[in-house]
Amino acid sequence: MLINRPRRNRKSAAIRDLVQETNLSVNDFIFPMFVMEGSGIKSEIKSMPNIYRFSLDTLIEEIKEVTDLGIKSICLFPNYPESKKDKYATESHNPNTLYIKALSEIKNKFPDLALMTDIAMDPYSSDGHDGLVENGQILNDETLDILGKMALAQARAGADILGPSDMMDGRIGYIRELLDDEGFTNVSIMSYSVKYASAFYGPFRDALDSAPKFGDKKTYQMNPANVREALIEGQLDAAEGADFLMVKPAFSYLDVIKTMADNFDLPIAAYNVSGEYAMIKAAAQNGWLDGDKAMLEMLLSIKRAGAKIILSYFAKEYAQLKA
Ligand code: PBG
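Cut-offs applied
Residues numbered from 1 in each chain as written. Predicted model: local features only at pLDDT ≥ 70, side-chain atom pairs only at ≥ 80, totals over all residues. Heavy atoms only, no water. UniProt positions renumbered as here; feature names shortened; annotations may be inferred. Core = buried A, V, L, I, M, F, W, Y, C linked by side-chain atoms within 4.5 Å. Buried < 20%, exposed > 50% of the residue type's maximum accessible area, 1.4 Å probe, protein only. Helix = DSSP H or I, 4+ residues; strand = E, 2+ residues; numbered from the N terminus. Contact = heavy atoms within 4.5 Å. Phe/Tyr/Trp six-rings, centres within 6.5 Å; stacked < 30°, edge-to-face > 60°. Lys NZ or Arg CZ within 6 Å of the ring centre and 35° of its normal.

The name that an unreviewed UniProt entry assigns to the protein is Delta-aminolevulinic acid dehydratase, with the source organism given as Emticicia aquatica. You can read under Subunit (unreviewed entry) in the UniProt record for the protein the words "Homooctamer."

This is the structure we're talking about:
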């Protein structure tokens, strides 16, 4: 006689819903969006179907649509022309630059939105690296000064959550102290704590035209083979004052998300990156996968692994599907 029949708890949709352990909600998402110079522009990113670079005017319309769908948080990234880039990413903290202007306009028009930023040099760097380059080396401490200026410019523009994505050592503490000194004690930091040197960022670098001009990012981003190292990064960032710890990418790193969730009480975020999005889109376009189902399964897996917050290009489609 079979006493235990786990299938009994799967016998109807109603019972399956009762025993379902993980649920996604639109509250879990941060929607990454791209802004570029110009007006009237909505330009699709070739390797990211249905994701666009917007000029500020069309971006505002898009944010209206996205917030009407129930999304409450976005993360903004800029695309700059080569002519605006230099070795020191000077444009990144110019108070009149597109990115800073976009942040303040968004915050003015959507005061309730949680507006997250990106802090790293790569969108503005002629070297295409997240830090300052000298003789082929990425300098750590010299980069902190530039990141700090970006952080202050973004805080002044009204950003709610700053997102240092650069992986320099000590930047969370450095930025926290600067913010506090300037009275921005309420501005949050979501640290890209555990960010791997990943092939899955390819489509994002297309979106920003930000691929490194030489070499790779392996001296600052983590080796995909390592998980113990994630604890070191997490401990430092928590001690330095991070409000959220992020793991990136998400889908190939579910064990890392779980490790972080098991070891830290801070909310864990995961970045479902551009390459993860592109894979599902490409397979769906070929008729090889059911795109909606694959999306939901991928997002659910990330949450089940322990991410409370998911940054995902699927956020809008998820919200549309649930609407
Ligand atoms: C760089 C940055 C990257 C992403 C966010 N910020 C790429 C990189 O490190 O080269 C990737 C996001 C994605 O792939 O969706 N500061």
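After presenting the structure, the write-up continues.
(A) Structural detail: the nonpolar core. Formed by 103 residues in total, the largest nonpolar core has its most connected members in I106 and M190. When residues of this core are assigned to their parent elements, the largest contribution, eight residues, is made by helix α4 (residues 141-156). Setting aside residues no more than four positions away along its own chain, I106 makes contact with L59, I60, I63, I74, L76, L113 and L115.

(B) Expanded view of the packing of aromatic side chains. Across all of its chains, the model carries 12 aromatic pairs by this definition. Relative to F204, the ring of F77 lies with its centre 5.0 Å away and its plane at 85°, an arrangement referred to as edge-to-face. In this pair, F77 is assigned in strand β4 (residues 73-79) and F204 in helix α6 (residues 202-208), connecting sequence segments 127 residues apart. Look at F204 and you get buried, because its relative accessible area is 12%. Taking 4.3 Å as the distance between ring centres and 20° as the angle between the ring planes, the aromatic pair formed by Y196 and Y253 counts as stacked. Residue Y196 is found in the loop between β9 (188-195) and α6, and its partner Y253 is found in the loop between β10 (244-248) and α8 (254-263); the two are separated by 57 residues along the sequence. We classify Y196 as buried; its relative accessible area is 0%. Site record: aromatic cluster; members linked through ring pairs are F34, F77, Y192, F204, Y271, Y277, Y313 and F314. Sitting over the face of the ring of Y201, K248 holds its NZ or CZ atom 4.7 Å from the ring centroid. The ring of Y271 carries K248 above its face, with NZ or CZ at 4.6 Å from the centroid.

(C) Spatial organisation of the environment of I71. Positionally, I71 belongs in the loop between α2 (56-68) and β4. Here I71 falls in the buried class, since its relative accessible area comes to 2%. It is 7.2 Å that separates the C-alpha atoms of I71 and A319, two residues lying 248 residues apart in sequence. Setting aside chain neighbours within four positions, we find I71 in contact with V26, F31, V66, L113, A315, K316 and A319.

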